[in-house]
Amino acid sequence: MPPRVISLVDTDRCDTWTRYRAGLCDSCHAHCCTMPLEVPLPDLVRLGWVDAFEAEHVEPRLIARRLLKARLIAHYSPKHGLFTLARRANGDCQLLHPDTRRCTVYEQRPETCRLHPQKKSPRPGWCPYGARALAAG
């Protein structure tokens, strides 16, 4: 299998992003899936990492402690009630398939992912698009 050539996209510089249009994700290298992802507790329930009973009856900080130990989250912000999902060493979201660059839990994906980039984005309507490319050879 030829090595991949990943187009460099600066996800931190929204002024370099591409205006979103339908179908753009089909040819993208999933650069948005390298950005930190903060999710509320209901998203963790949807993912199946927390059950509904636990979400209702256990303090979020205790849930966070368990998820940190399991390396599912990297951080919990009690002030905002948000959990930052852990990422792989290369910066990819842990839910992203490493070869296909597609979400492995698409039907259960967090609300932020469902609304990105149209509504939930540092720059709504724009995305850090980077074309998939394979090296010749």
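Here the structure is shown first, and the text comes after it.
Residues numbered from 1 in each chain as written. Predicted model: local features only at pLDDT ≥ 70, side-chain atom pairs only at ≥ 80, totals over all residues. Heavy atoms only, no water.

Another point: the overall build of the protein chain. When its secondary structure is counted, the protein chain shows four helices and five strands. Along the protein chain, from the amino end to the carboxyl end, the secondary structure elements read β-β-α-α-α-β-β-α-β. Across the 137 residues that make up the protein chain, the buried fraction comes to 33%. Counting contacts in the protein chain only where the partners sit at least 6 residues apart, residues at least 24 apart contribute 58% of the total. For the protein chain, the exposed area adds up to about 8,700 Å²; of that, 55% sits on carbon and sulfur atoms. (Helix = DSSP H or I, 4+ residues; strand = E, 2+ residues; numbered from the N terminus. Buried < 20%, exposed > 50% of the residue type's maximum accessible area, 1.4 Å probe, protein only. Contact = heavy atoms within 4.5 Å. Areas by Shrake-Rupley, 256 points an atom, 1.4 Å probe, with all protein chains shown as cover.)

Let us look at the sheet that holds strand β2 (residues 38-39). Read from one edge to the other, the open sheet built from three strands follows the order β2-β4-β3, with strand pairing classed as antiparallel. Both edges of this open sheet fall to β2 and β3 (73-77), since each of them pairs with a single strand only. Two strands pair when backbone bridges link them, and β3 and strand β4 (residues 82-85) are joined in this way by four bridges, in the antiparallel orientation. Each residue of the ladder has a partner; that of histidine 75, found in β4, is threonine 84. (Pairing = 2+ DSSP bridges.)

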